[in-house]
Amino acid sequence: MGIDHRVLILGATGRTGGCALTQLLERGVPVRAIVRSAARLPEGSVGNPLLEVVEADVLALPTEVLAEHLAGCDTVISCLGHTISVRGVLGPPHDLVGQAVRLVRDAVDTSQRKQSAAGQPAAPVRLILMSSVSVNQPERADARRGRGERAYMWGMRALVPPARDNQRAADFLVHEVGPADANLQWVIVRPDTLTEGAVAEYRVHEALVSSLFKPDSTRMSEVAHFMCELATDDATWKRWRSRMPVIVDAQPPA
Ligand SMILES: NC(=O)c1ccc[n+]([C@@H]2O[C@H](COP(=O)([O-])OP(=O)(O)OC[C@H]3O[C@@H](n4cnc5c(N)ncnc54)[C@H](OP(=O)(O)O)[C@@H]3O)[C@@H](O)[C@H]2O)c1
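To start, this report covers the structure provided alongside it. Residue numbering note: each chain is counted from 1, following its sequence as written. Totals for whole chains, interfaces and linings use every residue, but because this is a predicted model, local features are given only for residues with pLDDT of at least 70 and side-chain atom pairs only at 80 or more, for both listing and counting. The side-chain figures draw on all heavy atoms in the structure; neither hydrogens nor water molecules are used.

### Some points on the site of the ligand
Note the following rule: A cutoff of 4 Å decides nearness: a residue is near a molecule or strand if any of its heavy atoms lies inside that distance of it. Contacts described as polar in this section are N or O atom pairs within 3.5 Å, which, within protein, must combine one atom able to donate a hydrogen with one able to accept it, while residues neighboring in sequence count only if both atoms come from side chains. Areas reported as accessible are Shrake-Rupley estimates using a 1.4 Å probe. Residue values count occlusion only from the protein chains shown. A helix here means a DSSP run of H or I that spans at least four residues, while a strand means a run of E at least two residues long, and both kinds are numbered starting from the N terminus. Any residue that is not Ala, Val, Leu, Ile, Met, Phe, Trp, Tyr, Cys, Pro, Asp, Glu, Lys or Arg is counted as polar, Gly included; the first ten are nonpolar and the last four charged.
With respect to spatial proximity, 22 residues lie near the ligand, and among them Thr13, Arg15, Thr16, Arg36 and Arg40 are the closest. Glycine 81 is positioned such that a nitrogen or oxygen atom in its backbone is 3.2 Å from an oxygen atom of the ligand. With the chains in place, 83% of the 930 Å² that the ligand exposes on its own is no longer accessible. At the level of secondary structure, the elements contributing two or more residues to the shell around the ligand comprise helix 1 (15–26) and strand 7 (193–195). The residue makeup of the shell around the ligand, split by class, is seven nonpolar, ten polar and five charged.

### A closer look at the nonpolar core
Convention followed: To form a nonpolar core, buried Ala, Val, Leu, Ile, Met, Phe, Trp, Tyr and Cys residues must be joined to one another through side-chain atoms within 4.5 Å. We call a residue buried when its accessible area falls under 20% of the maximum for its residue type, exposed when it is over 50%, and partly exposed in between, using a 1.4 Å probe and counting protein chains only.
By size, the foremost hydrophobic cluster in this structure holds 36 residues, and its most contacted members are Ile34, Val58, Leu66, Val101, Leu173 and Ile188. Elements that contribute at least two residues to this core include exactly strand 1 (7–10), helix 2 (63–69), helix 4 (96–117), strand 5 (125–130), helix 6 (161–177) and strand 6 (184–191). Val7, Ala12, Val189 and Ala224 belong to the second largest nonpolar core, which has 30 residues in total.

### Some points on the packing of helix 4 against helix 6
Helix-helix packing is described using two parameters, namely the angle between the two axes and the distance between the axes. Our working definition: Angles shown run from 0 to 180 degrees and are taken between the N-to-C directions of axes, each axis being a line fitted to C-alpha atoms and, for helices, limited to the stretch in contact. Oblique is the label for any angle not covered by the other classes, which are roughly parallel (under 35 degrees), roughly antiparallel (over 145) and roughly perpendicular (65 to 115). Contact between two residues is taken to exist if any of their heavy atoms lie within 4.5 Å; hydrogens are not considered.
Running from N to C, helix 4 and helix 6 point in directions that differ by 30 degrees, and their axes come no closer than 7 Å. With respect to helix 6, the axis of helix 4 lies roughly parallel. Residues Leu96, Val97, Gly98, Val101, Arg102 and Arg105 of helix 4 form the contact with helix 6, whose participating residues are Asp165, Asn166, Ala169, Phe172, Leu173, Glu176 and Val177. In terms of residue class, the contact of helix 4 with helix 6 is made up of seven nonpolar, two polar and four charged.

Just distances and angles here, no functional claims.
If you want it as structure tokens, here you go:
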């Protein structure tokens, strides 16, 4: 990575986003966090010289402003998610993750255009999106998902906005941005049921390994660890670029 290696993180006040922020800082990575309230950031992070906090509602930011916040960042991590409450799940914004991903893509394009105009062509920005095993890969690449499960998920997406949002955000990256975009590269990380606990042994798979009806578990700290590896290790990035890896605990928690 070049000297401009800095990560822009969205959702750093959340459970997994907080772990990702803490681990990035522990690795010495400079981070810019856009959060609605700095008071909800993980303990000990505020005041760390590696952390710059922007207090704003990311969905309300004009593209130009988000492009300015991207300055010097070669990677964006999104751990945004609908708050688990009746209002969070059923209330607006129904397309939190999808809107944020589109905004990032527009801001990256704006930022890259400006840099080219100034004679400073930049490398593509890398987006690491936290998603879920409920999200399908294209072309039925998740061979494990049988007809009954697909029908169940179809119903979930029709009834539960966050399920639909996560699928649409992934579809946008897969189908509209695609694998060969000049400005934006991506990895969609799909954990199973999220649990607490320190990083242990975990596995990263190309496709689903278990059924939604018999789920695996994934520690949030491990999702954060894998995201940090993607953000800091070129070989890991190249291995998973334009893919939708599934991450699960090697051993389920006792
Ligand atoms: N629960 C599971 O078992 C599971 C399994 C697999 C995948 N996932 C997915 O993983 C992702 C993260 O999950 P999590 O449990 O770590 O998240 P979380 O703790 O609920 O955190 C959500 C984050 O999103 C932010 N956010 C929520 N609504 C927002 C809005 N309207 N505008 C701006 N920011 C907003 C929150 O900010 P504030 O602090 O400001 O509210 C917070 O930083 C979600 O997309 C979820 O679908 C969950």
